[in-house]
Amino acid sequence: MSSQPASRRTVLCRAALAGAAGLGVAACSPDGSGKKASPTPTAPVELGSAGAVPVGGAKIYREQRVVVAQPAKGEFTAFSAVCTHAGCVVDTVEDGKINCPCHGSQFDARTGKVVQGPAEKPLPSVPVTAKGGRLVAGPDA
């Protein structure tokens with residue numbers, strides 16, 4: 001095998017691929033830094049009006065990393081909005097399924113259980129209460 005220097009084109013292609021791989025890792029971390037943050041709130045967070053969550057549906061609070069469902073009027077459940085597969089934040093709720101944009105995982109909006117992989121673990125449950133018509137999620141909620 002000869003030890004010829006790599007061509008400029010080869011070096012540039014390898015650099016581009018390495019950079020793209022690094023961006024993918026950072027994009028899948030909740031804050032884009034590549035560091036792992038807690039998938040659930042570590043302190044109580046106010047989410048807003050309980051009326052914003054449709055009965056029989058769910059709403060994503062992306063910034064707080066929480067998904068809140070209202071299976072029946074006045075009954076609320078909440079889950080982490082951080083996908084258990086690669087740490088991406090879920091982005092939509094359609095037909096009772098919470099969808100992750102990164103690799104196509106889907107979770108049941110009422111239970112947080114995996115409906116479609118590659119995720120294998122359900123979304124972690126988050127305590128949630130409605131106080132004075134406002135939702136509060138996280139510890140001691």
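Structure's up top.
Residues numbered from 1 in each chain as written. Predicted model: local features only at pLDDT ≥ 70, side-chain atom pairs only at ≥ 80, totals over all residues. Heavy atoms only, no water.

1. What to know about the environment of Gly-87
Defined as follows: Per the convention used, a helix needs a DSSP run of H or I reaching at least four residues, while a strand needs a run of E reaching at least two, with both numbered from the N terminus.
Among the secondary structure elements, Gly-87 is positioned in the loop between β4 (75-80) and β5 (92-94). A C-alpha to C-alpha distance of 9.9 Å links Gly-87 and Ser-38, two positions 49 residues apart in sequence.

2. Section: the state of the cysteines
Stated formally: Cysteine sulfurs are considered disulfide-paired once they come within 2.5 Å of each other. Buried, partly exposed and exposed residues are distinguished by accessible area as a fraction of the type maximum, computed with a 1.4 Å probe on protein chains only: under 20%, between the cut-offs, and over 50%, respectively.
According to the stated counting rule, one finds one disulfide in the structure shown. Each sulfur of the disulfide joining Cys-88 and Cys-102 lies 2.1 Å from the other. Negative torsions about the S-S bond denote left-handed disulfides, and the value of about -105° found for Cys-88 with Cys-102 makes this one left-handed. Taken as a pair, Cys-88 in the loop between β4 and β5 and Cys-102 in the loop between β6 (97-99) and β7 (106-108) lie far apart in primary sequence, 14 residues in all. A disulfide-free cysteine, Cys-83 has its sulfur positioned 3.9 Å from the sulfur of Cys-100, the nearest such atom. Note on Cys-83: relative accessible area 4%, which makes it buried.

3. A few points about the sheet that holds strand β11 (residues 134-137)
Which entries qualify depends on this criterion: Should DSSP find at least two bridges between two strands, the strands are regarded as paired. Simply put, an axis is a line fit to the C-alpha atoms, just over the touching stretch for a helix, and the angle between two N-to-C directions goes from 0 to 180 degrees.
Across the sheet, three strands lie side by side as β1-β11-β10; this open sheet has antiparallel pairing. Because the sheet does not close on itself, it has two edges, and the strands there are β1 (45-49) and β10 (128-131). Across this sheet, the average inter-strand angle for adjacent strands is 25°, counted without regard to direction. Judged from the four bridges that link them, β10 and β11 form a sheet pairing that is antiparallel. Paired with Thr-129 across the bridge in β11 is Val-136.

4. Let's talk about the side chain of Gln-70
What counts, and what does not: By the convention used here, residues are in contact when the closest approach between their heavy atoms is within 4.5 Å.
Mapped onto the elements, Gln-70 comes out in strand β3 (residues 66-72). Since its relative accessible area comes to 6%, Gln-70 is described here as buried. Here Gln-70 is in contact with Ala-50, Val-53, Pro-54, Val-55, Gly-56, Gly-57, Glu-75 and Phe-76, once residues within four sequence places are set aside.

Any functional reading would require information beyond the geometric quantities listed.
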